[in-house]
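# Topology and contacts: notes
Residue-level listing of the chains:
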Amino acid sequence: MLSNDFLETVWLIPCYAIVGAALAIPWSPGIIKRTGPRPAGYINLIMTFIAFLHGLIALSVAWNQPTQELSIPWLDVAGLNITISLEISTLTIGATILITGLNLLSQIYAIAYMEMDWGWARFYSLLALFEAGMCALVLCNSLFWSYIILEILTLGTYLLVGLWFSQPLVITGARDAFLTKRVGDLFLLMGVVALLPLAGTWNYTELAEWAKTANIAPTTATLLSLTLIAGPLGKCAQFPLHLWLDEAMEGPVPSTILRNSLVVAVGAWVLIKVQPVLALSPVASTVTIGVGVFTAVCASLIAIGQIDIKRSLSYSVSTYMGLVFIAVGTGQDETALMLLFTYACAMALLVMSTGGVILNCVSQDLTQYGGLWSRRPITGISYLVGAAGLVGLPPLGSFWALLQMTDYLWSSQPWLVGVLLLVNGFTAFSIIREFGLIFCGQPKQMTERSPEGLWALVLPMTILAGFTLHIPLLFAQWQLLPDIATINKTVAGLLLLSSVLGFGIGGLIYLNDGWEKPIKFPLPAIQDFFAYDFYTAKLYRITIVFVVGLVSRIISWVDRYLVDGVVNFVGLATVFGGQGLKYNVSGQSQFYVLTILIGMTLLLSWLVVGLF
């Protein structure tokens with residue numbers, strides 16, 4: 001009975017984080033100065049741990065049980081009935097465990113990373129906001145509430161990126177990240193509003209049933225689907241709304257752990273949920289695949305051209321979200337979920353590994369690193385585990401997700417298999433390139449003294465590395481691994497070959513002390529083309545930014561000289577008229593005589609002009 005109570009109260013999981021955020025407020029430095037801000041972090045750690053345990057117990061009860069739905073009435077007025085609908089299943093509860101688990105590790109990591117920072121209360125409260133929002137999103141069974149939660153997460157991104165608000169680049173990055181996401185959110189809102197009159201519901205389960213028999217005009221289905229794609233497109237940092245993730249790297253590394261692994265994935269979660277609606281339009285499926293292909297290929301190439309550690313990883317994030325878009329566009333929802341799970345763990349581990357290095361060496365420039373393997377072996381091993389878990393390298397998790405995806409596309413759309421293999425190889429090359437520049441070669445000035453970090457940095461990193469290594473065992477327990485006899489040996493061999501080639505070529509160049517670094521292309525223009533993100537930012541400045549600026553200047557001129565000019569003219573005329581007319585009521589006869597003479601003079605002048 002007690003276990004059933006944990007299942008029925010699974011909606012409390014997001015609430016624990018909200019309670020922790022509220023309890024952290026009294027430990028703001030401006031309120032309590034003697035104790036310092038640390039209790040705020042410990043309170044949130046405890047609340048996240050409670051949420052994690054609640055999810056584990058609830059998952060054990062829900063295992064092999066049918067999906068349950070919980071509806072909480074919220075608004076019923078004028079024929080509009082909005083309820084808070086929750087889906088309680090092994091999938092949604094497992095997602096909350098992943099979120100609370102990674103947030104727990106991130107909070108432990110932040111104890112060391114934010115050791116000297118006085119903004120603990122604000123920082124941990126914002127991490128709690130992320131946790132609550134993401135847990136609520138995966139439990140939510142309503143598109144309307146998913147949109148509301150996505151908006152809250154957008155606000156949380158802005159606040160966390162701008163945590164160190166005294167730095168100009170931080171403010172710029174937070175602003176650009178917020179505004180870029182808002183573009184996709186605006187179109188998503190259009191789709192949310194337009195969908196209700198057509199389907200009569202926002203419930204994901206009911207939307208899937210409606211989509212099976214829906215009979216709407218092709219144009220309507222296309223426009224509706226494109227608006228629903230726009231929101232996840234911005235959240236997942238897909239082209240052309242991908243630049244925000246790069247600028248969001250100005251935030252602290254512990255928040256980057258969540259943002260690069262989970263926050264970007266919630267957009268993909270919504271995309272998977274609305275996939276039955278997107279299937280109504282072939283154009284929408286084509287656009288989803290096209291966006292995924294373009295982003296995955298381009299981002300994997302751009303990542304190779306970066307010399308900033310966090311920027312390089314951020315483009316790998318866009319790469320894998322592009323693969324998720326391809327999976328959803330081709331109708332592989334289960335594969336997309338597998339890929340999100342394996343990707344989240346591997347990417348979080350990569351960010352943790354590089355974050356400790358950045359903290360100690362006070363630099364993000366890859367050209368200033370080298371020789372850290374002998375000084376930080378645990379960090380190096382953790383990085384390699386994350387790298388192996390991210391690409392298609394057996395027997396780790398991403399190999400099985402990518403194999404399932406590739407096997408499906410082999411017979412239906414073989415050209416996408418070539419894209420996937422290419423992206424996998426480029427990503428393997430990019431990751432081993434970072435490893436070689438950081439851990440191999442001779443120590444440099446920035447890396448002469450760089451021992452392993454504090455226990456709070458090493459502990460979550462090693463725990464996550466162990467979990468990443470055990471993901472295949474979880475897949476076997478969940479019966480997600482294919483039968484060895486049924487595996488397409490050609491597909492598996494090609495996937496393995498792309499990983500080996502990527503790692504091998506990258507290792508040959510960047511693990512070889514005899515190869516001069518940094519590598520320079522014969523044509524610098526090509527290298528700059530990749531390093532500057534295909535000049536996307538400049539393209540925006542000469543197109544969208546220029547047009548918006550021109551229109552703004554025209555409107556400003558019209559407002560200042562035409563609208564304000566007319567108003568100011570009427571005002572001045574009224575003032576002068578009033579000043580002139582006040583003499584008519586002064587009571588002095590000479591002013592009355594003067595007014596009559598002026599009036600007669602003007603009248604006679606008008607008559608004379610009319611005669612001639």
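Since this is a predicted model, take the numbers as computed values, not measurements. The residue numbers shown here count from 1 along each chain, following its written sequence. Reporting of local features is limited, given that this is a predicted model, to residues whose pLDDT is at least 70; pairs of side-chain atoms are given and counted only at 80 or more, and all residues count toward the totals for whole chains, interfaces and linings. To get the side-chain values, all heavy atoms of the structure are used, and hydrogens and water are removed first.

## As for the environment of L159
Of note, L159 is situated in helix 6 (residues 143-161). Residue classification places L159 among the partly exposed positions, given a relative accessible area of 34%. Sequence spacing of L159 and A174 is 15 residues, and the spatial spacing of their C-alpha atoms is 7.2 Å. A run of H or I in DSSP counts as a helix once it spans at least four residues, and a run of E counts as a strand once it spans at least two, with each numbered from the N terminus. A simple rule labels every residue: compare its accessible area, found with a 1.4 Å probe on the protein chains alone, to the largest value its type can have, and call it buried under 20%, exposed over 50%, or partly exposed in between.

## Here we look at helix 2 (residues 12-24)
If you check helix 2, its first and last C-alpha atoms are 19 Å apart, about what 13 residues at 1.5 Å a residue would give, namely 18 Å. Among the residues of helix 2, I13, P14, Y16, A17, G20, A21 and A24 are the ones counted as buried. Buried residues of helix 2, seen end-on, are gathered within an arc of 150 degrees and therefore sit on one face of the element. On its buried side, helix 2 packs onto helix 3 (38-62), helix 4 (90-113) and helix 5 (120-139). The span you would expect from a helix comes to 1.5 Å times its residue count less one. The arc under discussion is defined with respect to the helix axis, by the directions toward the C-beta atoms. What makes two residues a contact is simply this: any of their non-hydrogen atoms within 4.5 Å.

## Notes on the pattern of salt bridges
In the sections that follow, a salt bridge refers to a side-chain nitrogen of Lys or Arg positioned within 4 Å of a carboxyl oxygen of Asp or Glu. Evaluation of the coordinates by the stated rule reveals five salt bridges. Between D185 and K235 there is a salt bridge, with its nearest N and O atoms 3.2 Å apart. Taken together, the positions of D185 in helix 7 (residues 168-199) and K235 in helix 9 (residues 218-235) put the pair 50 residues apart, joining distant regions of the chain. The burial state of D185 is the same as that of K235; both residues are buried. Within the structure, one salt-bridge network assembled from shared partners comprises E151, R182, D185 and K235.

## Some points on the layout of surface pockets
The space that makes up the largest pocket amounts to roughly 1400 Å³. Each cavity reported here is a set of points on a 1 Å grid over the protein atoms alone in which a 1.4 Å probe fits but cannot get out, each pocket an open set with protein on both sides within 12 Å along at least five of seven lines, and each lining residue one with an atom within 4 Å of a point. In terms of lining residues, the largest pocket is bounded by 45 residues, among which T90, L91, G94, A95 and F341 are the most central. Residue assignment for the lining of the largest pocket shows that the elements contributing at least two residues are helix 3, helix 4, helix 8 (204-213), helix 11 (253-273), helix 15 (333-361), helix 19 (455-469) and helix 20 (471-477). The leading source of residues in the lining of the largest pocket is helix 4, at 11 residues. Of the residues in the lining of the largest pocket, the class split is 33 nonpolar, eight polar and four charged. Residue ranges assigned to each domain were obtained from an automatic or database domain assignment. Here the lining of the largest pocket gathers at least three residues from each of two domains, domain 1 (1-141) and domain 2 (176-519). Grid points are joined across faces, edges and corners, and a volume is the space filled by probe spheres set on the points. Here the term charged refers only to Asp, Glu, Lys and Arg, the term nonpolar to Ala, Val, Leu, Ile, Met, Phe, Trp, Tyr, Cys and Pro, and the term polar to all other amino acids, Gly among them.

## Some points on the packing of aromatic side chains
Pairing of aromatic side chains here covers Phe, Tyr and the six-membered ring of Trp, requires ring centres within 6.5 Å, and sorts the geometry by plane angle: under 30 degrees stacked, over 60 edge-to-face, intermediate tilted. Inspection of every chain in the model, using the stated rule, returns 19 aromatic pairs. Geometrically, the ring pair formed by Y109 and Y113 is stacked, given 6.3 Å between the ring centres and 20 degrees between the ring planes. In this pair, Y109 and Y113 both sit in helix 4, four residues apart, roughly one turn of the helix. Exposure class is identical for Y109 and Y113. Each is buried. Ring centres of W373 and F435 lie 5.9 Å apart, and the angle between their planes is 75 degrees; this geometry places the pair in the edge-to-face category. In this pair, W373 sits in the loop between helix 15 and helix 16 (377-390) while F435 sits in helix 18 (residues 414-439), placing the two residues 62 residues apart along the sequence.

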